[in-house]
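Okay, here's what each chain looks like letter by letter:
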Amino acid sequence: MMRRFFLIAIPYAWLLALFLVPFAIVLKISLSDYAVSIPPYVPQFDWAEGIGTFIAQLDFENFIWLTEDDLYWKAYLSSLKIALISTFLTLLAGYPIAYGMARAPDEWRPTLMMLVILPFWTSFLIRVYAWMGILSNEGFLNQFLLWTGVISEPLTILNTNSAVYIGVIYTYLPFMILPIYSALERLDGSLIEAAEDLGCSRLSAFWLVTVPLSKNGIIAGSFLVFIPVLGEFVIPSLLGGSDTLMIGKVLWEEFFSNRDWPVASAVAVVLLLLLIIPIVLFQRNQQKQQEAEQ
Amino acid sequence: MTASVFEPWNDPEAKPLIHFQNVTKRFGEFTAIDNLTIDIYEREFYALLGPSGCGKTTLMRMLAGFETPTEGKIFLAGQDIAPVPPNKRAVNMMFQSYALFPHLSIWENIAFGLKREGMAKADIQQRVEEMLRLTRLEKFARRKPHQISGGQRQRVALARSLAKAPKLLLLDEPLGALDKKLRQDTQFELMDIQEKTGTTFVIVTHDQEEAMTVASRVAVMDHGKIIQVATPDRIYETPNSVYVADFIGDVNLIEGTARPTGSDTYAMSWHEGLPPLKVQSPNSLSDGQKCHLAIRPEKVAINAEKPADADNAVQGRILDIAYLGNISTYHVELPTGAVIKAQTANTRRIARRAFTWEDTVWLSWTATAGVLLAE
Ligand SMILES: Nc1ncnc2c1ncn2[C@@H]1O[C@H](COP(=O)(O)OP(=O)(O)OP(=O)(O)O)[C@@H](O)[C@H]1O
Ligand SMILES: [Mg+2]
């Protein structure tokens, strides 16, 4: 009994310390008012005044402000759009890779897996910087295309939404590949044979058997990409242009340029609430998958 | 006109539906099918029998189109099927592993092949219902494969392969997981389907009784080779080798040397001091050739006294009695140390059995009861 209690207590303590407490702090700041002080908001909790007066000073002003300035909801919508499109593009790129890996000879699979994970060995930031070098007007890509004669003028890719998509797909591809690969690897090859035996062409066997049976992997991978991309900040600020509107970037600017911590916190709280929906859906999917395996 | 017997393999005019021509299949170094040549005729119920790993499934997979022969050719209705992909072959296979689609209900699994054909909705409905009834799965139509028992899954696999009513049906151990009663019923259903539709069946089974019941011919395989192909009764009565005799049913094997005494009669000397055994056997043997007499236990009679008119009689002592309900098998030890099995029908109650342990008895059989098999 004691043992079980401790086993369960550890993850909960972890969750409390690393998620709930910081979240409570952010929530508290979002309900405070901007002030020229350090830290830049009031009220500060004061033991002398007691908790009652402290709570009375909190209000929803910042959240109301978010609805009044259309920058915020435009940024949310734009993030949503970018996250959806890039999830879809990552799926398009990731599925064939996962499929190829699952069909590869057994002895190749560890190597292929390694190649997918390899980028994680260097800093994410450095890798995104590297893309700046590739995509800029004098970058490798343009030089290569000019050299082959496909184009005569350098393409402007860096600092546009295209660069953001490229960066996002590149960064999040492994998160898409791995769950799909694990679903496809488990797929019993005789099911495809059975489908063909019953009159399916290769292609229709793929649509009728392979895709439905990797559905859980597709869903898991899509959430693993969609959720972090929605709040992504590094990629749009390094690769995106001035017209790339993403909520992560807005958040960063509120926080560090405007030093308006309360509004920035309110943005963060809303973002988190928006993310709860896909996270819950993701959990459901994982649970269903586990049940199906039993 | 007499009712014509179904024996296309004896008709030199008959064209086989399937013809394997010196087919060899290798997996790397390993030879799974070894230079195999067989003919299977239309409307046949062709049973493949053999130990695990002898290549039965591989043979079927080549017919269905999932493996290509390393050497040799396979003809279906006179056409080389090498270039025809599995989905274009008028062949359906029931997989040994069932290969049911886990994301589809039982109903949808059975309808899968019919939908690919573009059959009308109402016809599909009707056909699936029919298959469900046949395999007694009506109650489970809406369930997913993981929600039914192993035997039920096997029946779904069977129903799914039967649904399209193909020209050629390959059944890889179709009834192994069913209880005896259901298995027998399904065997008769299969035979009935075959009567009605004229489908050609190739069936893998580990159950000899099943092969005997349903098959028009039985092929006994070993190590990728066909050892013998014959009708069930001929496989049983006149096996062509010790391997087949031993593999099919229970058999007594007595070692000795043959001496021809007529065109197809032999005297087999088997032990010094004992008279040679008289055998009439179709397999020709030379004088002094080492051989085995193969004789089925039910063809050996057991008596208290020496029978006067028997071709062969030997004395022995009862070592063991196996009571199997309808029959009893007596294990009789001969003075030579060999143990011979004799079977009798239990027409009386067990308490009134004529013999018991340690009794001295006479075993006897006729000259035509066994066959001589070369080493
Ligand atoms: N894809 C493959 N790669 C390598 N070896 C194989 C392959 N498929 C089958 N074999 C080998 O070929 C031999 C014949 O296999 P097969 O599945 O035809 O046996 P089987 O007669 O159906 O046996 P069982 O009665 O156990 O089903 C086996 O020894 C098996 O290990
Ligand atoms: Mg097999």
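This one's a predicted model, so the numbers in the text were calculated from it and none came from an experiment.

About the cut-offs
- Residues numbered from 1 in each chain as written.
- Chains lettered and ligands numbered in written order.
- Predicted model: local features only at pLDDT ≥ 70, side-chain atom pairs only at ≥ 80, totals over all residues.
- Heavy atoms only, no water.
- Donors = N, O, S within 2.8 Å, 3.2 Å for Na, K, Ca; no water.
- Helix = DSSP H or I, 4+ residues; strand = E, 2+ residues; numbered from the N terminus.
- Phe/Tyr/Trp six-rings, centres within 6.5 Å; stacked < 30°, edge-to-face > 60°.
- Buried < 20%, exposed > 50% of the residue type's maximum accessible area, 1.4 Å probe, protein only.
- Lys NZ or Arg CZ within 6 Å of the ring centre and 35° of its normal.
- Domains from an automatic or database assignment.
- Buried area = accessible area lost by both parts, 1.4 Å probe.
- Salt bridge = Lys/Arg side-chain N within 4 Å of Asp/Glu carboxyl O.
- Polar contact = N/O pair within 3.5 Å; in protein donor to acceptor, adjacent residues only side chain to side chain.
- Nonpolar A, V, L, I, M, F, W, Y, C, P; charged D, E, K, R; others polar.
- Axes fitted to C-alpha atoms, helices over the stretch in contact; angles between N-to-C directions.
- Parallel < 35°, antiparallel > 145°, perpendicular 65-115°, else oblique.
- Contact = heavy atoms within 4.5 Å.
- Pairing = 2+ DSSP bridges.
- Near = heavy atom within 4 Å.

Side note on the coordination of the magnesium ion (ligand 2)
Protein coordination at the magnesium ion (ligand 2) comes from B:Thr57 (OG1) and B:Gln96 (OE1), with a distance range of 1.9 to 2.3 Å. Of this pair, B:Thr57 sits in helix α1 (residues 56-64) while B:Gln96 sits in the loop between β6 (91-94) and α2 (106-116), placing them 39 residues apart in sequence.

Details of the packing of aromatic side chains
The description of an aromatic ring pair rests on the distance of the ring centres and on the angle between the ring planes. One pass over the structure, following the stated rule, counts 23 aromatic pairs over all chains. Summarising the aromatic geometry, the rings of A:Phe255 and A:Phe256 are spaced 5.5 Å apart at their centres and angled 45° between planes, so their arrangement reads as tilted. Exposure remark for A:Phe255: the relative accessible area of 25% places this residue in the partly exposed category. Consider the rings of B:Tyr330 and B:Phe355, whose centres lie 6.0 Å apart with planes at 90°: the pair is edge-to-face. Residue B:Tyr330 is located in strand β17 (residues 327-333), and its partner B:Phe355 is located in the loop between β18 (339-345) and β19 (360-365); the two are separated by 25 residues in the primary sequence. Exposure class is identical for B:Tyr330 and B:Phe355. Each is buried. In this structure an aromatic cluster arises from ring pairing among A:Tyr41, A:Phe233, A:Trp252, A:Phe255, A:Phe256 and A:Trp261. Residue placement shows A:Arg103 over the ring face of A:Tyr99; its charged tip is 5.0 Å from the ring centre. Just above the ring of B:Phe101 sits the side chain of B:Arg160; from NZ or CZ to the centre is 4.8 Å.

Section: the domain arrangement of chain B
Residue and element names in this part refer to chain B. On domain assignment, one finds that chain B holds domain 1 (8-242) and domain 2 (250-373). Placing a centre on the C-alpha atoms of domain 1 and another on those of domain 2 gives a separation of 38 Å. Between domain 1 and domain 2 lies a buried interface of about 700 Å² when both sides are counted; carbon and sulfur atoms form 57% of it. Looking at the side of domain 1 facing domain 2, the largest losses of area belong to Tyr236, Pro239 and Val242, adding up to 67% of the total buried there. Linking domain 1 with domain 2 are one salt bridge, by the criterion used here. With its nearest N and O atoms 3.0 Å apart, the salt bridge here joins Lys299 to Glu237. Taken together, the connections running from domain 1 to domain 2 amount to three residue pairs in polar contact (both at pLDDT 80 or more). Per-element accounting of the side of domain 1 that touches domain 2 gives the leading share, three residues, to helix α7 (residues 232-237). Classifying every residue of the side of domain 1 that touches domain 2 gives four nonpolar, three polar and one charged.

Some points on the packing of helix α4 (residues 70-103) of chain A against helix α13 (residues 247-257) of chain A
Residues and elements named next belong to chain A. The N-to-C vectors of α4 and α13 enclose an angle of 140°; their axes lie 8 Å apart at closest approach. By the angle between their directions, the pair α4 and α13 is classed as oblique. Here α4 contributes Leu71, Tyr72, Ala75, Tyr76 and Ser79 to the contact with α13, which in turn contributes Ile247, Val250 and Glu254. Its residues assigned to classes, the contact of α4 with α13 shows six nonpolar, one polar and one charged.

As for unusual backbone geometry
Across residues other than glycine, the phi torsion is negative in most instances, and most of the peptide bonds are trans. All names here are of chain B. Non-glycine residue Asn35 carries a positive phi angle of around 45°. For Asn35, a relative accessible area of 44% corresponds to the partly exposed category. One non-glycine residue, Ala165, lies in positive phi territory at about 45°. Topologically, Ala165 is positioned in the loop between α4 (150-163) and β7 (168-172).

What to know about the environment of A:Pro278
Residues and elements named next belong to chain A. You can see Pro278 is positioned in helix α14 (residues 261-293). When the C-alpha positions of Pro278 and Gly231 are compared, they lie 13 Å apart, and in sequence the two are 47 residues distant. With residues up to four places along the chain from it excluded, the contact list for Pro278 reads Phe223, Phe226 and Ile227.

Looking at the pairing of β17(B)
Residue and element names in this part refer to chain B. In terms of strand pairing, strand β16 (residues 312-323) meets β17 through six bridges, oriented antiparallel. Across the sheet, the residue bridging to Arg317 is Glu333, located in β17. Pairing between β17 and β18: seven bridges, direction antiparallel. Bridge assignment links Thr329 to a residue of β18, and that residue is Gln343. Here β17 hands over to β18 after five residues, with Gly337 in that stretch at a positive phi of 100°.

A few points about the sheet that holds strand β2 (residues 30-40) of chain B
Backbone-to-backbone hydrogen bonds join strands into a sheet, with any given pair of strands oriented parallel or antiparallel. Residues and elements named next belong to chain B. Across the sheet, which stays open at both edges, the four strands sit in the order β2-β1-β4-β5 with antiparallel pairing between neighbours. In the strand order of this sheet, the two ends are held by β2 and β5 (79-80), each with one partner. Here α1 sits on the sheet in contact with β1 (18-27), β2 and β4 (71-76), set at roughly 115° to β1.

Describing the site of ligand 1
All names here are of chain B. Taken together, 13 residues lie around ligand 1, and Ser52, Gly53, Lys56, Thr57 and Thr58 are the ones closest in. Between ligand 1 and the protein, one listed contact pairs an oxygen atom with a backbone N or O atom of Gly53 at 2.8 Å. At 3.0 Å from an oxygen atom of ligand 1 is found a main-chain nitrogen or oxygen belonging to Gly55. Secondary-structure elements contributing two or more residues to the shell around ligand 1 are β2 and α1. Considering each element in turn, the shell around ligand 1 owes the most residues, three residues, to α1. A breakdown of the residues in the shell around ligand 1 according to their chemical character gives four nonpolar, seven polar and two charged.

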